[in-house]
Amino acid sequence: MKLNAGIVTSKLAETKAFYTETLGFGVTFENEFYLLLHTPGGGSEISFLLPDHPSQQPLFQKPFQGQGMYLTIEVDDVDKLYSDLKKKGTEIKIALRDEPWGDRHFAISDPNGIGIDLVKYSPKQSK
């Protein structure tokens, strides 16, 4: 089983630019109403679909309303990514921080209002 999250949005061009230029995603497939992107290395995918497209059933036509969703992206070097994104001028929504349970992370958001938590998982060491 493989999960591919999909977001219905009218912002396909802005979304493509954000994920490819800011996060280094690649384009797996695109046409005039659908965009399928993959993470660097191709391990995961996410798709974006224009709202109210006649090729789609009503269940997949209503646009995302910009709240109530987030993505978590696990990275090897969260400090380097944080520095790189700050240099690019990416707006940081939650500054780089360490959590009591051991994770180190920060957050940004995409053009659709989806929060993106960029994290390096580090299990808390017991003493």
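Refer to the structure printed above.
Let us look at the structure shown here. (Residues numbered from 1 in each chain as written. Predicted model: local features only at pLDDT ≥ 70, side-chain atom pairs only at ≥ 80, totals over all residues. Heavy atoms only, no water.)

What follows deals with the pairing of strand S2 (residues 26–30). As judged from the four bridges shared by S2 and strand S3 (residues 34–38), these two strands associate in the antiparallel manner. The residue of S3 that forms the bridge with valine 27 is leucine 37. Counting the residues in the hairpin turn of S2 and S3 gives three residues. (Pairing = 2+ DSSP bridges. Helix = DSSP H or I, 4+ residues; strand = E, 2+ residues; numbered from the N terminus.)

Turning to helix H2 (residues 78–88), its buried residues are Val78, Leu81, Tyr82 and Leu85. Buried positions in H2, seen along its axis, are confined to an arc of 100° and lie on one side of it. Buried positions along H2 lie against helix H1 (12–22), strand S6 (94–98), strand S7 (104–109) and strand S8 (115–120). Once H2 ends, the next one or two residues include glycine 89, with phi positive near 85°. (Buried < 20%, exposed > 50% of the residue type's maximum accessible area, 1.4 Å probe, protein only. Arc of directions from axis to C-beta. Contact = heavy atoms within 4.5 Å.)

Where empty space is left can be seen by rolling a probe of water-molecule size over the atoms. Roughly 290 Å³ of volume is contained in the largest pocket. Every residue lining the largest pocket is listed: Leu3, Asn4, Ala5, Phe25, Thr39, Ser44, Glu45, Ile46, Leu71, Thr72 and Ile73. Those elements that provide at least two residues to the lining of the largest pocket are strand S4 (45–49) and strand S5 (70–74). Among the elements that line the lining of the largest pocket, the one with the most residues is S5, at three residues. Residues of the lining of the largest pocket, tallied by class, amount to six nonpolar, four polar and one charged. (1 Å grid on protein atoms, 1.4 Å probe; cavity = no way out; pocket = protein on both sides within 12 Å on 5 of 7 lines; lining within 4 Å. Points joined across faces, edges and corners; volume = space filled by probe spheres on them. Nonpolar A, V, L, I, M, F, W, Y, C, P; charged D, E, K, R; others polar.)

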